[in-house]
Amino acid sequence: MKHTFPALPLARRFAALPPRYYTATPSTPLPEPHLVAFNAALADTLGLASDAAAQQALTEFLAGNSALSGYPQLASVYSGHQFGVWAGQLGDGRALLVAEIDTPTGIRELQLKGAGRTPYSRMGDGRAVLRSSIREYLASEAMHALGIPTTRALALVASPQTVWRETRETAAVVTRVAPSFLRFGHFEHFYYRGELDAVAELADFAIGHFFPECADAAQPYLALLDSVVARTAELIAHWQAVGFCHGVMNSDNMSLLGLTLDYGPYGFLDGFDAHHICNHSDESGRYAYDQQPAIALWNLHCFAQTLLKLISKDEALDALRRFQPLFEDAFAEQLRGKLGLIAWQEDDWTLFTDLLELMQAAHTDWTIFWRRLARQHKDAALRDLFLDRHAFDGWLERYRARLADDGRTHGERIRAMDAVNPRIVLRNHLAETAIRAAEAGDYSELHRLAAALACPFDDVAAYDDYATLPPDWASQLSVSCSS
Ligand code: AMP
Ligand code: MG
């Protein structure tokens, strides 16, 4: 059964927690909102009818111009470590939880990002600009289509309202959807305030709703830490495999559920560079591509510390030590698929790291390479992606010998590899092109790109232009924390 706004089947899960976790905050009305994008496929899985008659009222709601009668508007409080330094209280400075919907696949929270100031806005204006909202909308759905755990994006609403960043921009609101937006930082907040009963209450909340298997464990809190470690390891293996750089892996941007969360100055690798820094504001390269696994573990330490009254230090350290082998196993599984192998063998690490060395030297395009590798038996131009072609020929001989062990036909392997190596990822210049058109009032490119990103593994001729090497100007683009 489909539900038409505003008659939504509401639940109260986060909103049923005591008030120490949030502040009821009315959204700030947004003038002249219009719906730029609506994710009908996601709406469908949520059981929401895309009813034309209800659309005006829905747009007003998604702009923060109305609230549901049966649900409050809540800004949650959290803290966190930013760039390795304790930052104290942060919180939803521009996001509001505006609904929990009971859907066929479970309860989903709806959050409006950019809906105005909250008690946690600090110096911020509570708004998000169209540029960064488009980036969040596109990336959420691109990651989902790639099979990578992520918060989702239901809608994008824009307004002519001026928002000042480095220059004059306009406001927009993204509706984010997730089972929960709990962050490591929620736990850190109460731990550092010495409110350890709140840490236990949040842990019980998390176990009860999101990690039910932990409830039956001998030590539920330790099982929770184990699960968060495992989910984070799995997430980062996905990021590394697809070449996704988050850009701001502060502990307040780490999802307890292991979802990709808070899309800001992220980037997908074009040419491979292990040390790639996607965030212009990250001067030291703390969050460079090859640092992401270690930073994830660093953040897990921050989270584990908050549980130290519930589990022993030795238990916590043992759980954290499981991150590296879990990450390696998950990453090996990703690489097995990318290389088109049937089973991973220990020697395959050497095959892979030798390949990376050649790719690093040539800044070989990360996405195009894997797609072409599937066709190595007939793609004479594959070697042209490398500077040292003879060295690559040598690597290819070894790879072919390895493939011979598996005995797959070329056709079988191409099908398997094309199902895991995307043809299209959200390169910065693709987002930028859609943003420039949208800022000039033309959303057609945004819609075409969103449609292409929804089927990133398919060979669709109409999207060929998204699958080419980036243009020269792409390397001049810079994205920063300003959003
Ligand atoms: P971020 O760098 O986007 O993860 O944000 C870090 C903190 O700053 C979070 O508490 C955000 O809610 C807050 N914040 C970011 N931008 C704004 C803004 N424009 N207005 C209010 N708060 C913001
Ligand atoms: Mg954040």
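All of these numbers come straight from a predicted model, not from anything done at the bench.

Conventions we followed
All chains use their own residue numbering, which begins from 1 and follows the written sequence. Lettering for chains starts from A, numbering for ligands starts from 1, and both go in the order in which the items are written. Given that the model is predicted, a residue must reach a pLDDT of at least 70 before its local features are reported, and side-chain atom pairs must reach 80 or more before they are shown or counted; all residues, however, enter totals for whole chains, interfaces and linings. Excluding hydrogens and water, the side-chain figures rest on all heavy atoms present in the structure. Where each domain begins and ends is defined by an automated method or by a domain database. Any residue with at least one heavy atom within 4 Å of a molecule or strand is counted as near it. Polar contact is the term for a pair of N or O atoms within 3.5 Å; when the atoms are in protein, one must be able to donate a hydrogen and the other to accept it, and sequence-neighboring residues count only if both atoms are side-chain atoms. Residue exposure ignores everything except the shown protein chains as possible cover, and the areas themselves are Shrake-Rupley values with a 1.4 Å probe. In this count, Pro and Cys sit with the nonpolar residues alongside Ala, Val, Leu, Ile, Met, Phe, Trp and Tyr, while Asp, Glu, Lys and Arg are called charged and the others, Gly among them, polar. Elements are defined by DSSP. Helices are runs of H or I of four residues or more, strands are runs of E of two residues or more, and each kind is numbered from the N terminus. In this description, contact between two residues means that some pair of their heavy atoms is separated by no more than 4.5 Å. Only buried residues count toward a nonpolar core. Its members are Ala, Val, Leu, Ile, Met, Phe, Trp, Tyr and Cys residues joined through side-chain atoms within 4.5 Å. When accessible area is computed with a 1.4 Å probe and restricted to protein chains, residues below 20% of their type maximum are described as buried, those above 50% as exposed, and intermediate ones as partly exposed. The span expected for a helix works out to 1.5 Å for each residue beyond the first. Here, a salt bridge means any Lys or Arg side-chain nitrogen found within 4 Å of an Asp or Glu carboxyl oxygen. For Na, K and Ca the donor cut-off is 3.2 Å; for every other metal, N, O and S atoms count as donors within 2.8 Å. Water does not enter the count, which can leave sites looking incomplete. Only residues whose relative accessible area exceeds 30% and that form no salt bridge enter a patch; like-charged residues are grouped when within 9 Å of one another, and nonpolar side chains (Val, Leu, Ile, Met, Phe, Trp, Tyr) when within 5 Å. For the purpose of counting charges, residues Lys and Arg are taken to be positive, whereas Asp and Glu are taken to be negative. His and the chain ends are not included. A charge is said to be at NZ when it belongs to Lys, at CZ for Arg, at CG for Asp and at CD for Glu. Angles shown run from 0 to 180 degrees and are taken between the N-to-C directions of axes, each axis being a line fitted to C-alpha atoms and, for helices, limited to the stretch in contact. When an angle is under 35 degrees it counts as roughly parallel; over 145 it counts as roughly antiparallel; between 65 and 115 it counts as roughly perpendicular; any other value is oblique. In this scheme the handedness of a crossing depends on how the near helix is turned from the far one: anticlockwise by less than a right angle means left-handed, clockwise means right-handed. Each aromatic pair joins two rings of Phe, Tyr and Trp (for Trp, the six-membered one) with centres within 6.5 Å, and gets the label stacked for planes under 30 degrees apart, edge-to-face for over 60, and tilted for any other angle. For a lysine, the NZ atom is tested; for an arginine, the CZ atom; a charge sits over a ring if that atom is within 6 Å of the ring centre and within 35 degrees of the ring normal.

1. A short note on the domain arrangement of the protein
When cut into domains, the protein gives domain 1 (14-178) and domain 2 (341-407). With centres defined by C-alpha atoms, the gap from domain 1 to domain 2 works out at 42 Å.

2. Here we look at the site of ligand 1
Inspection of the region around ligand 1 gives 16 residues, with Gly91, Gly93, Arg122, Gly126 and Asn253 positioned closest. Gly91 is positioned with one of its backbone polar atoms (N or O) 2.6 Å from an oxygen atom of ligand 1. With respect to ligand 1, the side chain of Arg165 contributes an N or O atom lying 3.4 Å from a nitrogen atom. Here ligand 1, which alone exposes 480 Å², has 82% of that area covered by the protein. The residue inventory of the shell around ligand 1, partitioned by class, reads two nonpolar, seven polar and seven charged.

3. Here we look at the side chain of Arg152
On the secondary structure map, Arg152 appears in strand β9 (residues 152-164). Engagement of the side chain of Arg152 in a polar contact is seen with the side chain of His144, the distance being 3.3 Å. Once residues lying within four places of it in the same chain are set aside, the contact partners of Arg152 are Asn39, Leu42, Ser140, Glu141, His144, Thr175, Arg176 and Val177.

4. Some points on the environment of Gln292
Positionally, Gln292 belongs in helix α8 (residues 292-305). In sequence terms Gln292 and Ala237 are 55 residues apart; their C-alpha atoms lie 9.6 Å from each other.

5. Some thoughts on the nonpolar core
If you look at the biggest cluster of nonpolar residues, it comprises 159 residues, and the most contacted ones within it are Leu256, Phe369, Leu373, Trp395 and Leu426. Counting residues per element, this core draws most heavily on helix α7 (residues 220-242), at 14 residues. Residues from two domains meet in this core; each of domain 1 (14-178) and domain 2 (341-407) gives at least three. Look past the residues within four positions of Leu373 in its chain and what remains in contact with it is Leu339, Leu382, Trp395, Leu396, Tyr399 and Met417.

6. Focus: helix α11 (residues 348-362)
The end-to-end C-alpha separation of α11 is 21 Å, in line with the 21 Å expected for 15 residues at 1.5 Å each. Where α11 is buried, its residues touch α10 (323-339), α12 (366-373) and α13 (389-406). His363 occupies a position one or two residues after α11 and carries a positive phi of about 50°.

7. A short note on the pattern of salt bridges
Under the definition given, this model contains 34 salt bridges. Lys2 is the partner of Asp44 in a salt bridge, and the nearest nitrogen-oxygen pair spans 3.1 Å. With Asp44 in helix α1 (residues 40-45) and Lys2 in the segment before β1 (22-24), this residue pair connects regions lying 42 residues apart in the sequence. On the basis of relative accessibility, which here comes to 42%, the residue Asp44 falls in the partly exposed class. Put simply, Arg398 and Asp354 hold a salt bridge, and the shortest N to O gap is 2.9 Å.

8. Side note on the coordination of the magnesium ion (ligand 2)
Around the magnesium ion (ligand 2), the protein contributes the donor atoms Asn253 (OD1) and Asp262 (OD), which lie 2.0 to 2.2 Å from the metal centre. Accessibility classification places Asn253 together with Asp262 in one group, the buried group.

9. Let's talk about a negative patch on the surface
Together, Glu328, Asp329, Glu346 and Asp347 make up a negatively charged patch on the protein surface. Assignment of secondary structure puts Glu346 in the loop between α10 and α11.

10. Regarding helix α3 (residues 130-145)
Every α-helix carries 3.6 residues per turn, so stepping three or four residues along brings you back to the same face. Helix length check: α3 (16 residues) gives 23 Å between terminal C-alpha atoms against 22 Å at 1.5 Å per residue, within 8%. In terms of burial, α3 is largely enclosed, as 13 of its 16 residues are buried. Residue Gly147 follows α3 closely and has a positive phi angle near 80°.

11. A short note on the environment of Phe386
Its place among the elements puts Phe386 in the loop between α12 and α13. You can call Phe386 buried: its relative accessible area is 2%. The spatial distance from the C-alpha of Phe386 to the C-alpha of Arg168 is 42 Å, given a sequence separation of 218 residues.

12. Some remarks on unusual backbone geometry
Here Phe5 and Pro6 are connected by a cis peptide whose omega angle stands at 5°. The topology assignment puts Pro6 in the segment before β1. Phi is positive for Glu32, which is not a glycine, with a value near 45°. Secondary-structure assignment places Glu32 in the loop between β1 and β2 (34-38).

13. Some thoughts on the packing of helix α4 (residues 184-192) against α8
For any two helices packed against each other, the geometry comes down to the angle between their axes and how far apart the axes lie. Contact geometry of α4 with α8 gives a least axis separation of 8 Å together with a crossing angle of 45°. With respect to α8, the element α4 is oriented oblique. In this structure, α4 crosses over α8, and the sense of that crossing is left-handed. When α4 is examined against α8, the residues Phe184, Phe187, Glu188, Tyr191 and Tyr192 are found in contact with a partner set consisting of Asn299, Leu300, Cys302, Phe303 and Gln305. Along the lines of polarity and charge, the residues of the contact of α4 with α8 split into seven nonpolar, two polar and one charged.

14. With respect to the packing of aromatic side chains
In this structure the tally under the stated criterion is 30 aromatic pairs. Centre to centre, the rings of Phe14 and Phe205 are 6.3 Å apart; their planes meet at 75°, and the pair counts as edge-to-face. Remark: Phe205 occurs in helix α5 (residues 196-210) and Phe14 occurs in the segment before β1; sequence separation between them is 191 residues. Of the two residues examined, Phe14 and Phe205, each falls in the buried class. Ring centres of Phe392 and Trp395 lie 5.8 Å apart, and the angle between their planes is 20°; on these two criteria the pair is classed as stacked. Of this pair, Phe392 and Trp395 both sit in helix α13, three residues apart, roughly one helical turn. Judged by its relative accessible area of 0%, Phe392 falls in the buried class. Relative accessible area serves as the criterion here: at 2%, Trp395 is assigned to the buried category. A network of ring pairs unites the aromatic residues Phe272, Tyr289, Trp366, Phe369, Trp370, Phe386, Phe392, Trp395 and Tyr399 as a single cluster. Over the aromatic face of Tyr266 sits the side chain of Arg135, whose NZ or CZ is 4.1 Å from the ring centroid. Directly above the aromatic system of Trp298 lies the positively charged group of Arg286, at a separation of 4.6 Å from the ring centroid.

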